[in-house]
Amino acid sequence: MGFLNEEEEKEYLRYKRMGLLECIDAHLIDLANGAIEVVCGDCDHQTDIYSHMNKVYRDHHDVQPDQSIDSRIHELKLNGGALLIPEKSPITHLGEDRVLIEHIRSAMRMKKIQTVVLFAHAPCGMAGMFGLTLTQNLDCLIEAKLRLKSELVGAKVVCFMHIARSDRERRTYFISAAKWRLLYPKRVRSDPPSTAAA
Ligand SMILES: [Zn+2]
């Protein structure tokens, strides 16, 4: 099971200091009717990611830890999660972007859910396999949000980043696309994989 490497740790601390990785305030997210969650299937981190998301949902509904509730979290899970969504994603050329966007669209219609929670996480095996830095990982997540906002009418899209620093320190953060784009007005360069290499 992996944790942030030295370089990622520096990037993480920088963004934390700058206030770009923020605590999640569940009451600022519209979870009244549930959420469509796009997340990486990483078996070493998904239990933790799911428990964070479940806590956000329960906090939003003011549910006490001893009370039971059926969370309306509609999960779409592929390796890399939200990082597959940007046009020319640096981690795929197989068309998962279109697949995910159309599945989000149909889930919005079927389940009457407008809120889409996009998850990225670090360290992510897929991001690592294609040499993405933490900055490129975060940038890809923001790009995914901007694409969904432009393609899915009425979607409310929020970005969460799960960071695993050690066994005892795993956190999920909210990241604002507006704040991120103030820092990086253009997409941070990360080349898509070439078709020939497949
Ligand atoms: Zn992953």
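Just above, that's the structure.
## Quick look at the coordination of the zinc ion
Looking at the zinc ion, one finds its protein donor set to be Cys40 (SG), His121 (NE2) and Cys124 (SG), positioned 2.0 to 2.3 Å from the metal centre. Mapping the donors of the zinc ion onto the primary sequence gives the spacing C-x80-H-x2-C. Here Cys40 is found in the loop between strand S1 (35-39) and helix H2 (46-60), whereas its partner Cys124 is found in the loop between strand S3 (115-122) and helix H4 (125-129), with 84 residues between them in sequence. Taken individually, Cys40 and Cys124 each receive the classification buried, so the pair is uniform in this respect.

## Quick notes on the environment of Ile29
Tracing the backbone shows Ile29 in the loop between helix H1 (6-17) and S1. With a relative accessible area of 7%, Ile29 lands in the buried category. Contacts of Ile29, omitting those with residues within four sequence positions, involve Ile24, His60, Thr115, Val158 and Phe160.

## A few points about the sheet that holds strand S5 (residues 169-175)
The five strands lie next to each other as S2-S1-S3-S4-S5, forming an open sheet whose pairing is mixed. In this open sheet, the two edge strands, each paired with only one partner strand, are strand S2 (73-77) and S5. With direction set aside, neighbouring strand axes in the sheet form an average angle of 25 degrees. Bridging between S1 and S3 involves three bridges; their strand directions are parallel. When the sheet's bridge partners are listed, Glu37 is paired in S3 with Val117.

## Description of the packing of aromatic side chains
Scanning all chains against the criterion turns up four aromatic pairs. Centre to centre, the rings of Tyr12 and Tyr173 are 6.0 Å apart; their planes meet at 55 degrees, and the pair counts as tilted. Taken as a pair, Tyr12 in helix H1 and Tyr173 in strand S5 lie far apart in primary sequence, 161 residues in all. Ring geometry for Phe119 and Phe160: centres 5.6 Å apart, planes at 85 degrees, overall edge-to-face. Here Phe160 lies in strand S4 (residues 156-166) and Phe119 lies in strand S3, a separation of 41 residues in the sequence. The exposure class assigned to Phe160 is buried, which follows from its relative accessible area of 1%.

## A few points about the pattern of salt bridges
Going through the model one piece at a time under the given rule, you end up with 14 salt bridges. The closest approach of N and O atoms between Asp97 and Arg147, which form a salt bridge, is 2.8 Å. One end of the pair, Asp97, is in helix H3 (residues 96-111); the other, Arg147, is in helix H5 (residues 134-151), and 50 residues separate them in sequence. Overall, Arg147 belongs to the buried group, its relative accessible area being 10%.

About the thresholds
Residues numbered from 1 in each chain as written. Predicted model: local features only at pLDDT ≥ 70, side-chain atom pairs only at ≥ 80, totals over all residues. Heavy atoms only, no water. Donors = N, O, S within 2.8 Å, 3.2 Å for Na, K, Ca; no water. Helix = DSSP H or I, 4+ residues; strand = E, 2+ residues; numbered from the N terminus. Buried < 20%, exposed > 50% of the residue type's maximum accessible area, 1.4 Å probe, protein only. Contact = heavy atoms within 4.5 Å. Pairing = 2+ DSSP bridges. Axes fitted to C-alpha atoms, helices over the stretch in contact; angles between N-to-C directions. Phe/Tyr/Trp six-rings, centres within 6.5 Å; stacked < 30°, edge-to-face > 60°. Salt bridge = Lys/Arg side-chain N within 4 Å of Asp/Glu carboxyl O.

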